Amino acid sequence: MTIRVIIVDDQAMVRAGFAALLNAQSDIDVVGDAADGKQALEVSGRTHPDVVLMDVRMPEMDGLEAARRLLDPPPGVTHRPKVLMLTTFDVDDYVYEALRAGASGFLLKDAPPADLIAAVRVVAAGEALLAPSVTRRLIEDFARNRPAPRRDRGLRLNGLTPRETEVLELIARGLSNQEIADRLVVAEQTVKTHIGRILAKLDLRDRAQAVVLAYESGLVTPGQ
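As the structure is a prediction and not an experimental result, all values here were calculated from the model. (Residues numbered from 1 in each chain as written. Predicted model: local features only at pLDDT ≥ 70, side-chain atom pairs only at ≥ 80, totals over all residues. Heavy atoms only, no water.)

## A few points about helix 8 (residues 162-172)
For step 1, the next point in the chain: If you check which residues of helix 8 are buried, you get Glu 164, Val 167, Leu 168, Leu 170, Ile 171 and Ala 172.
For step 2, the next point in the chain: Just downstream of helix 8 lies Gly 174, where phi reads positive at about 95°. (Buried < 20%, exposed > 50% of the residue type's maximum accessible area, 1.4 Å probe, protein only. Helix = DSSP H or I, 4+ residues; strand = E, 2+ residues; numbered from the N terminus.)

The following block contains the structure:
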C-alpha cells in the first residue's frame, strides 16, 4: 500500500528536495506540499495524506498550530493524518508541545536521506518515531522547567493496573520493549499488549504521548 505524504515547509528548495527523495521510493507518493500551516490544512483536507511532514517555524501559521488542528479536527472531519515534525534543533520547545498535541515524533532537517525515508514508513505504520533514549532526553530537558505535576493528569493513571503503571514508568525511563520484557521477565509480546492497553485506557495515540503524560503526572521525574 502506498504511503501518501504532504510536505510543509516555507523553503521551496526543502520541499522540492524532500519530494524528489520520497517520490523515488516505490511505496511513497508525495501528493502535495504547502509553504505554511494554513496552506497545510487546505492541502491535507483535499488530499487526505497518511503522513504530514511539518516544519516547526513558518509564517502565517506555524507548524505547531497546524499540527494541533490536523490532530484535533472540527466535528464532521474524520481524517487525521500522522504528523512528523521537522526541526533544525534536536531539542525544541515547539516539538515538545507538538508531541503533547499528538504528533508522532520529530526529525532533524539535516538527517541523512535514509532516515527521512525510514521515518515516513515508521510513522505511517502507527509507531512513534522517537527512539526511547531520545524521547527520555527530550522530555527531561523540558520537564525540569515545567510546573509541579498536575493532579488531573495523575488521576488519569488510577485506571491502570499496577503492572501497567510499572510498564508506563519503564517506557518513560527510556527502555525499549525488549528491555522492559527482560526487566519484568515476561515475553516482549506481553509488553506490547500492556502498552496497547495503556494507550487505550489513557486515550493516547502513541508511546511519545505516554512518556509526556508520565512526566506531567509526576509518575516519573527528571533525574530520578
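## Some remarks on the sheet that holds strand 2 (residues 28-34)
Within a beta sheet, neighbouring strands are joined by backbone hydrogen bonds and run either parallel or antiparallel to one another.
For step 1, the next point in the chain: Strand order across the open sheet formed by five strands is 2-1-3-4-5, with parallel pairing between neighbours. Of all strands in the sheet, those with a lone pairing partner are strand 2 and strand 5 (105-108), marking the two edges. Strand-to-strand twist of the sheet, defined as the mean angle between neighbouring strand axes without regard to direction, takes the value 25°.
For step 2, the next point in the chain: Pairing between strand 4 (residues 82-87) and strand 5: four bridges, direction parallel. If you follow Leu 86 over to strand 5, its bridge partner there is Leu 107.
For step 3, the next point in the chain: Packing of helix 2 (residues 37-47) onto the sheet brings it into contact with strand 1 (3-8), strand 2 and strand 3 (51-55), and relative to strand 1 it is tilted by some 160°. (Pairing = 2+ DSSP bridges. Axes fitted to C-alpha atoms, helices over the stretch in contact; angles between N-to-C directions. Contact = heavy atoms within 4.5 Å.)

## Remarks on the packing of helix 8 against helix 11 (residues 207-216)
For step 1, the next point in the chain: Orientation of helix 8 relative to helix 11, taken along the N-to-C sense of each, is 100°, at an axis distance of 9 Å. Overall, the two elements helix 8 and helix 11 adopt an arrangement that is roughly perpendicular. In contact with Leu 168, Ile 171 and Ala 172 of helix 8, helix 11 contributes Arg 207, Ala 210, Val 211, Ala 214 and Tyr 215.
For step 2, the next point in the chain: For the contact of helix 8 with helix 11, the class distribution of residues is seven nonpolar, no polar and one charged. (Parallel < 35°, antiparallel > 145°, perpendicular 65-115°, else oblique. Nonpolar A, V, L, I, M, F, W, Y, C, P; charged D, E, K, R; others polar.)

## Examining the packing of helix 2 against helix 3 (residues 63-71)
For step 1, the next point in the chain: Following both chains from N to C, one finds helix 2 and helix 3 inclined at 25°, their axes separated by 8 Å at the closest point. Looking at the two axes, helix 2 sits roughly parallel to helix 3. At the point where helix 2 passes helix 3, the crossing takes the right-handed sense. Where helix 2 approaches helix 3, its residues Gly 37, Leu 41 and Ser 44 are matched on the opposing element by Ala 66, Arg 69 and Leu 70. (Left-handed = near helix turned anticlockwise from the far one by under 90°.)

## Here's the deal with the pairing of strand 1
Each regular strand carries side chains that alternate between the two faces of the sheet.
For step 1, the next point in the chain: Burial analysis of strand 1 places five of its six residues in the buried class, which makes it a mostly covered element.
For step 2, the next point in the chain: Of the strand pairs in this sheet, strand 1 and strand 2 are connected by six bridges, and their pairing is parallel. Bridge pairing in strand 2 links Val 5 to Val 30.
For step 3, the next point in the chain: In the classification by handedness, the crossover that spans strand 1, the intervening helix 1 (residues 12-23) and the parallel strand 2 is right-handed.
For step 4, the next point in the chain: Pairing analysis gives four bridges linking strand 1 to strand 3, with the strands arranged parallel. If you follow Val 5 over to strand 3, its bridge partner there is Val 51. (Right-handed = clockwise from strand over helix to strand, strands pointing away.)

## Regarding the nonpolar core
For step 1, the next point in the chain: Among the nonpolar cores identified, the biggest contains 24 residues, and Leu 157, Leu 168, Ile 180 and Leu 202 are the most heavily contacted of them.
For step 2, the next point in the chain: Mapped by element, the contributors of at least two residues to this core are helix 8, helix 9 (177-184), helix 10 (188-202) and helix 11.
For step 3, the next point in the chain: In this view, Leu 168 contacts Leu 157, Leu 160, Ile 198, Leu 202, Ala 210, Ala 214 and Leu 219; residues no more than four positions away in its chain are not counted.
For step 4, the next point in the chain: Counting residues in hydrophobic clusters, the runner-up holds 20 residues, among them Ala 34, Val 52, Leu 70 and Leu 71. (Core = buried A, V, L, I, M, F, W, Y, C linked by side-chain atoms within 4.5 Å.)

## Description of the pattern of salt bridges
For step 1, the next point in the chain: Counting across every chain of the model gives 11 salt bridges.
For step 2, the next point in the chain: In this structure, the salt-bridge partner of Arg 121 is Asp 27, at a minimum N-O distance of 2.9 Å. Of the two residues, Arg 121 is situated in helix 5 (residues 113-124) and Asp 27 in the loop between helix 1 and strand 2; the sequence distance between them amounts to 94 residues.
For step 3, the next point in the chain: Judged by its relative accessible area of 36%, Arg 121 falls in the partly exposed class.
For step 4, the next point in the chain: Linking Glu 164 and Lys 201 is a salt bridge whose minimum nitrogen-to-oxygen distance equals 2.8 Å. Here Glu 164, found in helix 8, pairs with Lys 201, found in helix 10; they are 37 residues apart in sequence, far enough to count as distant.
For step 5, the next point in the chain: Classification of Lys 201 by relative accessible area gives partly exposed; the value is 44%.
For step 6, the next point in the chain: Overlapping salt bridges bring together Asp 9, Asp 55 and Lys 109 as one network. (Salt bridge = Lys/Arg side-chain N within 4 Å of Asp/Glu carboxyl O.)

## Side note on helix 11
For step 1, the next point in the chain: Counting buried positions along helix 11 yields 10 of 10 residues, so the element is predominantly enclosed.
For step 2, the next point in the chain: Those residues of helix 11 not exposed but buried are Arg 207, Ala 208, Gln 209, Ala 210, Val 211, Val 212, Leu 213, Ala 214, Tyr 215 and Glu 216.
For step 3, the next point in the chain: One or two residues past the end of helix 11 sits Gly 218, with phi positive at roughly 90°.

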